[in-house]
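# Understanding the architecture of this molecule
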Amino acid sequence: MTDPFRFRLRVRYNECDAQKVVFNARYADYVDLAMTEFMRALGRDYNALLARGLDNQVVKLTLEWKASALFDDVIDVRVRTLKVGNTSFVLEHEMVRAADGTVLCRAEVVYVMMTTEPFEKTRVPDDLRATLEEGAPGVLVDQSGG
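Residues numbered from 1 in each chain as written. Predicted model: local features only at pLDDT ≥ 70, side-chain atom pairs only at ≥ 80, totals over all residues. Heavy atoms only, no water.

Take the environment of Tyr46 next. Inspection of the secondary structure puts Tyr46 in helix α2 (residues 46-51). As a C-alpha pair, Tyr46 and Asp127 span 81 residues in sequence and 15 Å in three-dimensional space. (Helix = DSSP H or I, 4+ residues; strand = E, 2+ residues; numbered from the N terminus.)

Printed below as a string of structure tokens:
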């Protein structure tokens, strides 16, 4: 990825399992946090979507692990849009150890655009389509504590 959006976080003790690595389910949490910040960077934060009567729903989440993250590691979650369809969009999240660039996990997530009332599938609005396709290159949201 060339200069992708990055969400930076630090692995907390409570996210680790008995093997002293990040518990597998926590990676889905990291994906969700990064997606939220990616959308905020696009000017399409969750509250702004809800105000428009829109929401999105995860319909598929695929995780592929490459290496283990450990307590106190700083992780960059690199987010980019892979595809925008009529009613859905696909984001890729590549989780990388910031200290050495080791790829830890890759996630691909399919989101379906929904209306809030009634809760049903709808088209991705043109303005959201354009911002998703543009992405947020070069943006870093750092929540690692420095």
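Throughout the structure, instances matching the rule amount to 16 salt bridges. A salt bridge links Asp100 to Arg97; its shortest N-O distance comes to 3.6 Å. Here the residues in one salt-bridge network are Arg6, Arg8, Asp76 and Asp142, joined through shared partners. (Salt bridge = Lys/Arg side-chain N within 4 Å of Asp/Glu carboxyl O.)

Across all of its chains, the model carries five aromatic pairs by this definition. Residues Tyr27 and Trp65 carry aromatic rings whose centres are separated by 5.9 Å and whose planes lie at 80° to one another, so their mutual orientation is edge-to-face. Of the two residues, Tyr27 is situated in helix α1 (residues 26-41) and Trp65 in strand β2 (residues 54-65); the sequence distance between them amounts to 38 residues. Take Tyr27: its relative accessible area is 2%, and that puts it in the buried class. (Phe/Tyr/Trp six-rings, centres within 6.5 Å; stacked < 30°, edge-to-face > 60°. Buried < 20%, exposed > 50% of the residue type's maximum accessible area, 1.4 Å probe, protein only.)

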